[in-house]
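# A look at the structure
Residues per chain are reported as follows:
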Amino acid sequence: MPSVLGVLERRERVALARAEELRAELERVQAAVVEADEAARRAVIAREEIVAALAEAAEEAGASSAAVDAPAMGVAGPRVEVPLWHEGLGIEVLPPDCARIVALIQEDAAGGGQGVRARAMREHLGWPASDAKEQAARFRAKRLVERGWLSEGRPGLFRPRTA
C-alpha cells in the first residue's frame with residue numbers, strides 16, 4: 001500500500017506538470033492573438049492605401065471622387081485623419097469618435113483603471129456589437145497610439161499617452 005506522502009507527492013507532480021502545460025498553451029494563444037491583431041491592422045492599412053491611391057488616380061483622371069468613396073467603407077469605416085499630438089493640442093482637434101475614445105481612456109485612468117479594450121470603446125461609441133465594429137474601434141485606438149495621443153502597454157490594452 002503506497003504511503004500517503006507518496007500519493008500527495010505524485011498528485012503535486014501531476015498538478016505542476018499540468019500547470020506548466022497550460023502556461024505553454026496560454027503563451028501560444030497570446031502570441032496567436034497578437035499575430036491576428038497585427039494581420040488585421042496590416043489589412044486595414046493596405047485597404048486604406050489602395051483607396052487613397054484610387055482616389056488620387058481618379059482626381060488625376062478628373063473623375064468624381066464619389067466613385068472611390070464607397071470602397072473606403074469597411075471594417076474600420078472611412079479613413080480617419082488623426083493629427084500628430086504635440087504640447088498644447090486638445091482633443092477637440094480629433095475626429096469625434098477619436099476624441100470620445102481618448103476621453104474614455106482618460107476617464108478610465110483617472111478612475112484608477114488599468115486600460116481600455118476595443119470592446120469597451122465600441123460600447124462607449126454606441127456601435128452595434130460585431131467583430132467588425134470592435135476592429136474599427138481597435139484600429140482607431142492604434143492610430144491614436146501611432147500619432148502620440150495614447151499608449152498601448154499590453155497588446156490591445158490602451159492607456160493615456162506616456163510623458
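Refer to the structure printed above.
About the cut-offs
Along every chain, residues carry numbers that run from 1 in the direction the sequence is written. In keeping with the predicted nature of the model, local features appear solely for residues at pLDDT of at least 70, side-chain atom pairs appear and are counted solely at 80 or more, and the whole-chain, interface and lining totals rest on all residues. Only hydrogens and water are set aside when side-chain values are computed; all heavy atoms of the structure are taken into account. Secondary structure elements follow DSSP: runs of H or I of four or more residues count as helices, runs of E of two or more count as strands, with numbering from the N terminus. Contact between two residues is taken to exist if any of their heavy atoms lie within 4.5 Å; hydrogens are not considered. Calculation of accessible area relied on Shrake-Rupley with a 1.4 Å probe; when residues are assessed, cover is drawn exclusively from the protein chains displayed. The term nonpolar core refers to a set of buried residues drawn from Ala, Val, Leu, Ile, Met, Phe, Trp, Tyr and Cys, joined through side-chain atoms within 4.5 Å. Under the scheme applied here, a residue whose accessible area is under 20% of the maximum for its type counts as buried, over 50% as exposed, and between as partly exposed, the area being computed with a 1.4 Å probe on protein chains only. Only protein atoms enter the 1 Å grid used here. Points where a 1.4 Å probe fits but cannot escape make up a cavity, open sets with protein on both sides within 12 Å along at least five of seven lines make up a pocket, and a residue lines them when an atom lies within 4 Å of a point. Grid points are joined across faces, edges and corners, and a volume is the space filled by probe spheres set on the points. For this classification, the nonpolar set comprises Ala, Val, Leu, Ile, Met, Phe, Trp, Tyr, Cys and Pro, the charged set comprises Asp, Glu, Lys and Arg, and every other residue, Gly included, is treated as polar. The span expected for a helix works out to 1.5 Å for each residue beyond the first. The term polar contact refers here to a pair of N or O atoms within 3.5 Å; inside protein, the definition further demands a hydrogen-donor-capable atom paired with an acceptor-capable atom, and it admits residues adjacent in sequence only when both atoms are side-chain atoms. Residues qualify for a patch when their relative accessible area is over 30% and they have no salt bridge, like charges being joined within 9 Å and the nonpolar side chains of Val, Leu, Ile, Met, Phe, Trp and Tyr within 5 Å. Think of a salt bridge as a Lys or Arg side-chain nitrogen and an Asp or Glu carboxyl oxygen that are within 4 Å of each other. Ring pairs shown here join Phe, Tyr and Trp side chains whose ring centres sit within 6.5 Å, with only the six-membered ring taken for Trp; geometry is labelled stacked below 30 degrees between planes, edge-to-face above 60, and tilted in between. Cation placement over rings: the criterion is NZ of Lys or CZ of Arg within 6 Å of the ring centroid and within 35° of the ring normal.

## Looking at the overall build of the protein
Along its length, the protein carries 5 helices and 2 strands. When the elements of the protein are put in sequence order from the N terminus, they spell out α-α-α-α-α-β-β. Considering only intrachain contacts with a sequence separation of at least 6, the fraction spanning at least 24 residues in the protein is 56%. A total accessible area of about 10600 Å² is found for the protein, and carbon and sulfur atoms account for 58% of it.

## Quick look at the nonpolar core
Leu 94, Ile 101, Ile 105, Met 121, Leu 144 and Leu 150 are the most contacted members of the largest nonpolar core, which totals 20 residues. Secondary-structure elements contributing two or more residues to this core are helix H3 (96–110), helix H4 (118–125) and helix H5 (131–146). Top contributing element to this core by residue count: H3, with 6 residues. Leaving out residues up to four positions away in the same chain, Leu 150 has contacts with Ile 101, Val 102, Ile 105, Ala 141, Leu 144, Val 145, Arg 159, Pro 160 and Arg 161.

## Describing the layout of surface pockets
A volume near 310 Å³ is recorded for the largest pocket. Per-element tally for the lining of the largest pocket: the top contributor is helix H1 (residues 4–61), with 4 residues. Residue composition of the lining of the largest pocket, by class: 4 nonpolar, 2 polar and 6 charged.

## Here's the deal with H5
The end-to-end C-alpha distance of H5 is 22 Å, a good match for the 22 Å that 16 residues give at a rise of 1.5 Å each. Within H5 the residues assigned to the buried category are Glu 134, Gln 135, Ala 136, Ala 137, Arg 138, Phe 139, Arg 140, Ala 141, Lys 142, Arg 143 and Leu 144. Taken together, the buried residues of H5 touch H1, H3, H4, strand S1 (150–152) and strand S2 (158–160). Phi for Gly 148, located one or two positions after H5, is positive at around 90 degrees.

## So, the side chain of Gln 135
By the secondary structure assignment, Gln 135 is in helix H5. By relative accessible area, which is 12% here, Gln 135 ends up buried. At 2.9 Å, the side chain of Gln 135 and the side chain of Arg 138 are in polar contact.

## Comments concerning a nonpolar patch on the surface
A cluster of nonpolar side chains, namely Val 4, Leu 5 and Leu 8, defines an oily patch on the protein surface of about 320 Å² accessible area. Note on placement: Leu 8 falls in helix H1.

## A few points about the environment of Val 33
Here Val 33 is to be found in helix H1. Classification of Val 33 as partly exposed rests on a relative accessible area of 46%.

## Here we look at the environment of Glu 81
Considering the arrangement of structural elements, one finds Glu 81 in the loop between helix H2 (66–69) and H3. Given a relative accessible area of 55%, Glu 81 falls into the exposed group. A sequence separation of 13 residues divides Glu 81 from Leu 94, and the C-alpha atoms of the two residues are 8.1 Å apart.

## Description of the packing of aromatic side chains
By the definition in use, this model includes 0 aromatic pairs. Taking NZ or CZ as reference, Lys 133 lies 5.6 Å from the ring centre of Trp 127, over its face. It is Arg 161 that lies over the ring of Trp 85; its NZ or CZ is 3.4 Å from the centre.

## Remarks on H3
Taking 1.5 Å as the rise per residue, H3 with 15 residues should run 21 Å; its terminal C-alpha atoms sit 21 Å apart, in good agreement. Among the residues making up H3, those that are buried are Cys 98, Ala 99, Ile 101, Val 102, Leu 104 and Ile 105. Contact partners of the buried residues in H3: H4, H5, S1 and S2.

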